[in-house]
Amino acid sequence: MKSSIEQALQETFFQNKENDFRHTTHDTEMIQYAYLKNGDKRAITECRKMFQNAAEGQLSKDNLRSWKYMFVSSATLCCRFAMDGGLASETSSHIFDRYIQRMDIATTKEEIFAIHDEMVEAYFERIVALNNANAYARPVLRAIDYVDRHLHCAIRLNDIAEEADVSPNYLSALFSKEMKMTISQYIRKRKIQAAESLLQYTDYKITEIAEYFDFSSVSHFIKVFKEETGTTPALYKQTMFRHWKD
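The sections below set out a description of the structure shown in this document. Bear in mind the structure is a predicted one, so any value in this text is a computation, not a measurement. (Residues numbered from 1 in each chain as written. Predicted model: local features only at pLDDT ≥ 70, side-chain atom pairs only at ≥ 80, totals over all residues. Heavy atoms only, no water.)

### Remarks on the overall build of the chain
Piece 1. Tallying secondary structure elements over the chain gives 13 helices and zero strands in all.
Piece 2. Going from the N terminus to the C terminus, the chain shows its helices and strands as α-α-α-α-α-α-α-α-α-α-α-α-α.
Piece 3. Counting across all 246 residues of the chain, residues that qualify as buried make up 38%.
Piece 4. If you take every contact in the chain between residues at least 6 apart in sequence, the share linking residues at least 24 apart comes to 61%. (Helix = DSSP H or I, 4+ residues; strand = E, 2+ residues; numbered from the N terminus. Buried < 20%, exposed > 50% of the residue type's maximum accessible area, 1.4 Å probe, protein only. Contact = heavy atoms within 4.5 Å.)

### Focus: the pattern of salt bridges
Piece 1. With the rule as written, the count across this model stands at 11 salt bridges.
Piece 2. Note that arginine 190 and aspartate 148 form a salt bridge whose closest N and O atoms lie 2.8 Å from each other. Of this pair, arginine 190 sits in helix H10 (residues 183-201) while aspartate 148 sits in helix H7 (residues 138-149); the two residues are 42 residues apart in sequence, bridging distant segments of the chain.
Piece 3. Looking at aspartate 148, the relative accessible area reads 27%, which means it is partly exposed.
Piece 4. Here arginine 149 and glutamate 163 are joined by a salt bridge, their closest N and O atoms 3.1 Å apart. Of the two residues, arginine 149 sits in helix H7 while glutamate 163 sits in helix H8 (residues 157-164), which places them 14 residues apart along the sequence. (Salt bridge = Lys/Arg side-chain N within 4 Å of Asp/Glu carboxyl O.)

### Notes on the environment of phenylalanine 96
Piece 1. Summarising the element assignment, phenylalanine 96 is placed in helix H5 (residues 89-104).
Piece 2. Residues phenylalanine 96 and valine 72, spaced 24 residues apart in sequence, show a C-alpha to C-alpha distance of 9.0 Å.

This is the structure we're talking about:
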């Protein structure tokens, strides 16, 4: 058994040498995750550069599968470094699960790249928000977290206030003061941002997206979307989805 493993390792070493393939050094590879852990904006460009410049075909004879393997490796490190940066393990793991599931059904290298970029940004935004946590009162942070976890539901002020352990009136006043917008405006903004992602990266119908984010009707979704973005969901999808696919 030992000899066969050693033989396989030597064959891999020989193939890499013949193909002039060299693994990225540990320090070079880790700096991108250190940036992410510290909420340094360089994390976004470094993670994108390191991932997209990774050598193809080294982990599998199937090129697409090789990229998927590398995605899992990168996502695992992002998840762990984000937790080291203070992100709650449940939140970090939830992000990991979400993007692994999306990557799993990707059919092109370009699609995997786009999902990887979005995953890094999702971690980065939450770490930055965490670093700025002292700027917001705990009830406001709890309210933000509750909204982000329930975008697909009908979100009610009383439920948010119960989660934040304060009265609805107090939470409304405090949230408006610190966030410079009402809770209703924040809910609307976050739902539309999430809808933009589905319009850009998936082939879900507008009716399905409106239903998923619990809008009262498709017309209401279109109205709110246009107020928030300046365009309609159909035009946004036509422009962004085509751009992404190209």
